[in-house]
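For reference, the chains in residue letters:
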Amino acid sequence: LNIYKANSNLPRPEGYAEDIQTAIDAGIDNPEDPNILYQNLASGAESGWDFSSRWFSDYEDISTIHTSDLAGVDLNSILFHNE
C-alpha cells in the first residue's frame, strides 16, 4: 500500500513558526519526536488535504497528526488505477 510520507523531517519553510509552536504545545521531550511530528505535518500538507482531522488521533489537536501511519483510500485508488 502507498502512504503519504514527506522526505523532510524539519519544520516546513512555509509554516516554520506554526510547526515549532505545534511541537512546543505537544510537550515533546524526546529529541526524535519533533522530527516525526514535522514529517507528519509536511506529509499532511503535501497530501492536498491540508490539516483536516482525518490525519489526527485526537480530532481537535493538530499535534496528534499521524499522516505517515495511514494508507489513504484516495491515494491507493488513484495509484491502483494507474499501475
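Residues numbered from 1 in each chain as written. Predicted model: local features only at pLDDT ≥ 70, side-chain atom pairs only at ≥ 80, totals over all residues. Heavy atoms only, no water.

A. Expanded view of the nonpolar core. Within the largest apolar cluster, 9 residues are counted, these being Y4, A23, L37, Y38, L41, W55, F56, I65 and L75. By residue number, the principal contributor to this core is helix α2 (residues 33–46), which donates 3 residues. If we ignore the near neighbours within four places in the chain, the residues touching L75 are N2, I3 and Y4. (Core = buried A, V, L, I, M, F, W, Y, C linked by side-chain atoms within 4.5 Å. Buried < 20%, exposed > 50% of the residue type's maximum accessible area, 1.4 Å probe, protein only. Helix = DSSP H or I, 4+ residues; strand = E, 2+ residues; numbered from the N terminus. Contact = heavy atoms within 4.5 Å.)

B. Fine view of the environment of Y38. Here Y38 is to be found in helix α2. Using a relative accessible area of 8% as the deciding quantity, one classes Y38 as buried. Along the primary structure Y38 and L10 are separated by 28 residues, whereas in three dimensions their C-alpha atoms are 5.4 Å apart. When residues no more than four places from it in sequence are discounted, the contact partners of Y38 are S8, N9, L10, P11, D19, I20 and A23.

C. Just the packing of aromatic side chains, in detail. Considering all chains together, one arrives at 1 aromatic pair under this definition. Here the aromatic rings of Y4 and W55 are separated by 5.6 Å at their centres, their planes lie at 80 degrees, and the arrangement is edge-to-face. Placement of Y4 in the segment before α1 (16–25) and of W55 in the loop between α2 and α3 (73–82) is noted, with a sequence separation of 51 residues between them. As far as burial versus exposure is concerned, Y4 and W55 are alike and both buried. Taking NZ or CZ as reference, R54 lies 4.5 Å from the ring centre of W55, over its face. (Phe/Tyr/Trp six-rings, centres within 6.5 Å; stacked < 30°, edge-to-face > 60°. Lys NZ or Arg CZ within 6 Å of the ring centre and 35° of its normal.)

D. Layout of α1. Turning to α1, its buried residues are D19, T22 and A23. Across the axial projection of α1, the buried residues extend over an arc of 100 degrees, all falling on one side. Along α1, exposed side chains directed more than 90 degrees from the buried face belong to A17, I24 and D25. Residues of α1 that are buried in the fold lie against α2. Positive phi shows up at G27, right after α1, with a value of about 65 degrees. (Arc of directions from axis to C-beta.)

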